[in-house]
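# Topology and contacts: notes
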Amino acid sequence: MTSPRAASPRALAWRRRGDAFAAGWRQFARQRSGLFGLGLLLVIVALAVLAPVLTDREGLNVINATGGPLEAPSGEFPLGTDRQGRSVLLLTLWGARMSLTVGFVAALLSIGIGTIIGILAAHYGRWVSAGLMRITDFFLVLPSLVLAIALSTVLNPGIGTVILAIGITSWPPSARLVRAQTLTIEARPYIERSRALGGGHLHVITKHVLPAVLPLVFVNTTLAVGSAIVAESTLSFLGLGDPDPMRPSWGSMLRSAWLDSAVIAGAWWYLLPPGIAIAIVVLAFTMCGRALESVLNPRLREG
Amino acid sequence: MSDILTPTEEALAEAPPPTRGGGALRYLLTKAGGGLVSLVLVIVLGFLLFRVLPGDPVLTMTRGRPASKEQIAELEAQLGLDKPLIAQFFDYLWRLLQGDLGESYVFRVPVTQKIMERLGPTLLLVGTATLIAVALGLWLGTRSAWRRDSRFDKVSTSVALALWSTPTFFLGLLLMAATSGWFPTAGMVNSDTPPDFFSQAVDVAHHMVLPTITLVAVVYAQYQLVMRSSLLEEMGADYLTTARAKGLRDAMVRRRHAVPNALLPTVTLVFLHMGFVVAGAITTETVFSWPGLGLLTYDALEKRDLPLLTGTFIVLAGAVIVMNVLADMLYRVLDPRVRAS
């Protein structure tokens, strides 16, 4: 840290951001459930990232499977095996990579579309707003799973299609939220000042509106990852996920458990791990998002 | 998921319609017009999705299946793919207006007939589940709001949130595993059930238990949470103090004064959130092989039956849109404040 006198405006700005971040963190850390969710997420993400280091991917290959079909948990296979004799623990670990990737990217895509549409609608107003909000309302009403099914049926199956299908069908709520937030921000005097000084549309949007909307967008993304993971599992369960057996997701594991009638065979070790993993991750994201929301959402903070 | 709940509350806040001039008729026309535009968009989307986007629909339909040249040519002629796109669109539109959605590629019967066959079971399942979910949600929501922060409130709200974040199909599979042997897990009736009405009805009810529980478990949370929050808003109202000052018993204050007012947004929500129920129905019907529209959608996407998929897409999306228009109108009928202004 430099002394205040020597600090350049840029350094000052960074220090202010640092202070704000520290204050936000202190507020966040005060919420036990948020911290717990964050810790849980860090562990799961670390496991998913380290999966190639900790385990051998070739174990996913059906040809290399060493166990018998639907073996109960044992010392060698802590969570038993699937119909092909692959370790369910290994599948769950690698499934985390797929499910988390799709969850993150799809949530970013969805929130990205929502943010752009919301800001544009609120900033330009009049017919742009009317048109964009009409489209938003249409997509809001449309049952998203039905549209996602349609999209992933006609496009080539794969991780990209799943991400696209989820992103395209889940953006409307965030568009409305961002629009409402942008409207309140644009009513503030500093926007008027910026316009009076000759700031163009691009300048106002990127320098003033966007930074003010970002905290809300951040919270929304955190919450959206959870529902994107659930959406991915649903699409994969319906057979619309990535067909490559070397790239399992929790949803496609549940699909094979269902198709291999693991339920009737009493193979609970095949059914429970992916499902519980989904529930835990979704819960962790929700707890994190709620805690973040109470820190970053001005409406909740005042109240 | 909580982010699904936020727009709900937002939609409720926006639900009272703008009342400048015109009155009831104008409001009715705007809402109906909006719904009509959405319906037309769904129809256009159905065309774009299944005819234009795949590039080659025939390729999509025959993916993973060997097909001879003649079969491909026949399929192309049947779908009218040899004509220009715009002609195809008007052809599709014209047939749709006559209630003709084409012929199913797999079942070899008109899509409309297939959909009509499956409509009954879906209505039965979704209707029963929605009724139970609404009753359960309203009851739990009322109780937890009335005793806010009590143990009952905390437990029931967390349970609702947990069920809400579990994938529907996983819940179904779990139920199936947990109750194995007690209830049938597939289909709607056994083929050897006597044909008289009573034994048929009992058998259908027996088959319905698990799918209904699954659907209720996924859906009721939203009703509970909205009922809870809208009752909490009424809790501080003056008229409740007046009612208590009159000496009414606590249960009476709740039943006669607080609940009717809090009920309003929740009732419209039942219609507004039909899309969510439809999504639940698709996966539930798939898991339990319940012969409704959801299972039909699954079969259609498994077999890449594009005409059938277009049909279920239009019917499901259209139904949800109609429900939304109804919700808007219902709100106006139910809320005297909106009517009066």
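Where an unreviewed UniProt entry is consulted, chain B appears under the name ABC transporter permease, with the organism given as Actinophytocola gossypii. One UniProt comment on chain B, placed under Sequence similarities (unreviewed entry), says "Belongs to the binding-protein-dependent transport system permease family." Per its UniProt entry, chain B bears the Subcellular location (unreviewed entry) comment "Cell membrane".

Where an unreviewed UniProt entry is consulted, chain A appears under the name ABC transporter permease, with the organism given as Actinophytocola gossypii. UniProt, in the comment section headed Subcellular location (unreviewed entry), describes chain A in these words: "Cell membrane". Under the Sequence similarities (unreviewed entry) heading, UniProt states for chain A: "Belongs to the binding-protein-dependent transport system permease family."

### Points about the overall build of chain B
The helix and strand inventory of chain B stands at 15 helices and zero strands. Out of the 341 residues in chain B, the part that is buried amounts to 48%. Put simply, of all contacts in chain B between residues at least 6 apart along the chain, 75% involve residues at least 24 apart. If you sum the accessible surface of chain B, you get close to 16,200 Å²; carbon and sulfur atoms cover 66% of it.

### As for the UniProt feature "domain: ABC transmembrane type-1" (unreviewed entry) in chain B
Residues annotated in UniProt with the feature "domain: ABC transmembrane type-1" (unreviewed entry) correspond here to residues 119-327 of chain B. Summarising residues 119-327 of chain B: 81% helix, 0% strand, and an end-to-end C-alpha distance of 21 Å.

### Observations regarding the packing of helix α8 (residues 189-196) of chain A against helix α9 (residues 201-237) of chain A
Residues and elements named next belong to chain A. Axis separation between α8 and α9 bottoms out at 10 Å; the angle between their running directions is 165°. Classified by the angle their axes make, α8 and α9 are roughly antiparallel. Between α8 and α9 lies a crossing of right-handed hand. Here Tyr190, Ile191, Ser194 and Arg195 of α8 lie close against α9, whose contacting residues are His203, Val204, His208, Val209 and Ala212. In the contact of α8 with α9, the residues fall into five nonpolar, three polar and one charged.

### Section: the interface of chain B and chain A
Taken together, the contacts link 46 residues of chain B with 43 residues of chain A. With both chains or domains summed, chain B and chain A bury close to 4,000 Å², and 75% of this area falls on carbon and sulfur atoms. Here chain B is connected to chain A by one salt bridge. Close ionic contact of Glu302(B) with Arg255(A) constitutes a salt bridge, the shortest N to O distance being 3.3 Å. Our count for the contact surface shared by chain B and chain A stands at four residue pairs in polar contact (both at pLDDT 80 or more).

### Re the pattern of salt bridges
Residue and element names in this part refer to chain B. All told, the structure shown has 10 salt bridges over all chains when counted by the stated rule. Notably, a salt bridge pairs arginine 95 with aspartate 91, separated by 3.8 Å at the nearest N-O pair. A residue pair is termed a helical-turn pair when its members lie 3 or 4 positions apart in one helix, as arginine 95 and aspartate 91 do in helix α5 (residues 85-97) at four residues. According to the relative accessible area criterion, arginine 95 is partly exposed, its value standing at 30%. Here aspartate 250 and arginine 244 are joined by a salt bridge, their closest N and O atoms 4.0 Å apart. Residue aspartate 250 is classed as partly exposed on the basis of its relative accessible area of 32%. Members of the salt-bridge network, linked through shared partners, are Asp91, Arg95 and Asp100.

### Comments concerning the UniProt feature "transmembrane region" (unreviewed entry) in chain B
Residues and elements named next belong to chain B. Per the UniProt annotation, the sites labelled "transmembrane region" (unreviewed entry) are residues 35-53, 119-140, 161-184, 204-223, 262-288 and 308-331. The span residues 35-53 carries 95% helix and 0% strand; its end-to-end C-alpha distance comes to 25 Å. Here residues 204-223 runs as 100% helix and 0% strand, with 27 Å between its end C-alpha atoms.

### A look at the confidence of the model for chain B
For chain B, per-residue confidence averages 80 on the pLDDT scale, and 88% of positions sit at 70 or higher. Considering only residues more than four positions removed or in separate chains, one finds that residues 1-21 of chain B, a stretch of pLDDT under 50, has 40 contacts.

### A few points about a nonpolar patch on the surface
Where nonpolar side chains cluster on the molecular surface, the patch consists of Val43(A), Leu47(A), Val49(A), Leu50(A), Val53(A) and Leu54(A) and spans about 560 Å² of accessible area. Position of Val49(A) relative to the elements: it lies in helix α2 (residues 32-54).

How each quantity is defined
Residues numbered from 1 in each chain as written. Chains lettered and ligands numbered in written order. Predicted model: local features only at pLDDT ≥ 70, side-chain atom pairs only at ≥ 80, totals over all residues. Heavy atoms only, no water. UniProt positions renumbered as here; feature names shortened; annotations may be inferred. Helix = DSSP H or I, 4+ residues; strand = E, 2+ residues; numbered from the N terminus. Buried < 20%, exposed > 50% of the residue type's maximum accessible area, 1.4 Å probe, protein only. Contact = heavy atoms within 4.5 Å. Areas by Shrake-Rupley, 256 points an atom, 1.4 Å probe, with all protein chains shown as cover. Axes fitted to C-alpha atoms, helices over the stretch in contact; angles between N-to-C directions. Parallel < 35°, antiparallel > 145°, perpendicular 65-115°, else oblique. Left-handed = near helix turned anticlockwise from the far one by under 90°. Nonpolar A, V, L, I, M, F, W, Y, C, P; charged D, E, K, R; others polar. Buried area = accessible area lost by both parts, 1.4 Å probe. Salt bridge = Lys/Arg side-chain N within 4 Å of Asp/Glu carboxyl O. Polar contact = N/O pair within 3.5 Å; in protein donor to acceptor, adjacent residues only side chain to side chain. pLDDT = per-residue confidence, 0-100. Patch = residues over 30% accessible without salt bridge, like charges linked within 9 Å, V, L, I, M, F, W, Y side chains within 5 Å.

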